[in-house]
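What follows is the residue order along each chain.
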Amino acid sequence: MTPNPPPNARDNELLRTWPSSVPQYEQWYSLVNHPTQRFCFWFRYSLLTTSTGVKEARVWAIPVDGDSPEVTRVLTAPLPQDAMKQRTGGAWGLEFGTQGLVEHGRMRGSVRDERGTVEWDLSFTPATHTVEALASPLLRKLVSKSSHRSPNSSVRMNGYVSVDGRRVELGNASGHQGHTEGSRMQNEWVWGRAGEFEQDPSASFEGVASRRGGARMCAFHVEAHGRSFALNRLRHLKGPLGGLLGKGTRTEWQLGQWNMVGEEQGRRLQVTMNAIGMAPLKVRYLDTDGSYRFNCAFPMASCAMNITPAIAGDQPASTLLCKGKANMEFVASEPLQGTADEYLPKL
């Protein structure tokens with residue numbers, strides 16, 4: 001538990017009222033990549049009410065082992081909505097009965113189903129600021145019916161993940177913790193993040209893109225060599241609403257690859273995420289209208305950032321590489337690869 005959480009700990013607090021009689025969702029999730037092994041762990045707690053009568057809390061856990069494919073699996077289990085309790089007074093925390101705790105500095109939980117058991121206990125020094133996908137509530141209302149914030153976009157995690165009794169120790173591992181909510185999910189989006197850059201271990205990237213009408217819009221955040229670049233305001237969003245005061249960010253994607261470029265603080269920032277040739281993890285979420293969103297996730301992607309002119313030194317540009325420890329997901333209202341039955345859970 002963090003004795004004195006930073007002010008942005010409130011960005012993890014409930015933004016919706018639960019239990020709910022209106023269609024809405026709220027989620028807390030986290031990712032961590034082992035610093036030396038090809039191992040990644042992803043988990044999520046979600047609260048959901050649909051217009052079709054579904055009311056549930058759900059826990060997800062996905063361990064991914066690049067060297068032991070039998071370890072990789074998708075575990076998920078429903079919980080009653082009243083399993084979730086938010087602490088009042090003192091340090092913030094969400095408790096999910098016996099199956100989880102989310103604090104602003106610690107996360108522990110477990111999932112058991114017919115495929116096995118996964119348990120985790122992870123702690124970290126919280127970040128001092130929140131990364132917002134879009135910069136203001138008004139902009140979120142104009143562009144999206146949801147909000148996406150990362151109170152801990154890039155932190156160092158310690159602890160362990162246990163898969164069927166096999167314990168994987170994690171120390172000083174690159175991790176992420178985010179919080180999303182809304183009345184309806186986007187029909188299509190791409191999200192990614194990266195830390196553990198070879199040229200600057202403290203550097204980080206997080207971005208999100210979506211399609212609105214015929215336009216693709218992208219917002220992203222880069223930290224490198226002690227500088228922070230937030231491309232998440234109206235002037236950065238090229239499309240029907242953005243790009244009016246500048247060129248706007250430009251983005252293209254296909255399954256397994258995502259490119260974006262934008263300008264901020266007199267510098268050109270170009271980011272490429274790549275997982276070409278990798279098989280995606282396939283999961284699906286229930287949306288508030290009873291439809292599905294199909295997610296192809298790549299937990300061991302690579303990321304390259306190019307900043308021109310260079311932040312420091314005599315090179316023309318600063319180039320930073322994160323190999324095999326970046327996370328990326330492609331989501332749509334129809335399966336992006338394979339058939340619907342390949343996506344878990346099979347609801």
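This text follows the structure it describes.
This section reports on the structure supplied with the text.

1. Describing the layout of surface pockets
Then, in step 1: Taken as a whole, the largest pocket spans an internal volume of roughly 360 Å³.
Then, in step 2: In terms of lining, the largest pocket is formed by 19 residues, of which the most central are Arg38, Val64, Gly66, Met278 and Met300.
Then, in step 3: Elements with a minimum of two residues in the lining of the largest pocket: strand 3 (55–65), strand 21 (292–308) and strand 22 (318–332).

2. Comments concerning the pairing of strand 3
Then, in step 1: Of all 11 residues making up strand 3, 10 are buried, and the element is well covered by its neighbours.
Then, in step 2: Relative to strand 3, strand 2 (residues 39–49) runs antiparallel, the two being bridged by 11 bridges. Looking at the pairing, Leu47 lines up with Ala57 of strand 3.
Then, in step 3: For strand 3 and strand 4 (residues 75–79), the ladder comprises 5 bridges, and the chain directions are antiparallel. Each bridged residue has a counterpart across the sheet, and for Ala57 the counterpart in strand 4 is Leu79.

3. Remarks on the pattern of salt bridges
Two side chains with opposite charge may pair up if their charged atoms get near one another.
Then, in step 1: Overall, the coordinates contain 17 salt bridges when judged by the stated rule.
Then, in step 2: Close ionic contact of Glu196 with Arg156 constitutes a salt bridge, the shortest N to O distance being 2.7 Å. Of this pair, Glu196 sits in the loop between strand 13 (188–194) and strand 14 (204–212) while Arg156 is found in strand 11 (residues 146–163), placing the two residues 40 residues apart along the sequence.
Then, in step 3: For Arg156, a relative accessible area of 25% translates into the label partly exposed.
Then, in step 4: Connected through salt bridges with shared partners, the residues Arg184, Asp287, Asp289 and Arg293 form a single ionic network.

What counts as what
- Residues numbered from 1 in each chain as written.
- Predicted model: local features only at pLDDT ≥ 70, side-chain atom pairs only at ≥ 80, totals over all residues.
- Heavy atoms only, no water.
- 1 Å grid on protein atoms, 1.4 Å probe; cavity = no way out; pocket = protein on both sides within 12 Å on 5 of 7 lines; lining within 4 Å.
- Points joined across faces, edges and corners; volume = space filled by probe spheres on them.
- Helix = DSSP H or I, 4+ residues; strand = E, 2+ residues; numbered from the N terminus.
- Buried < 20%, exposed > 50% of the residue type's maximum accessible area, 1.4 Å probe, protein only.
- Pairing = 2+ DSSP bridges.
- Salt bridge = Lys/Arg side-chain N within 4 Å of Asp/Glu carboxyl O.

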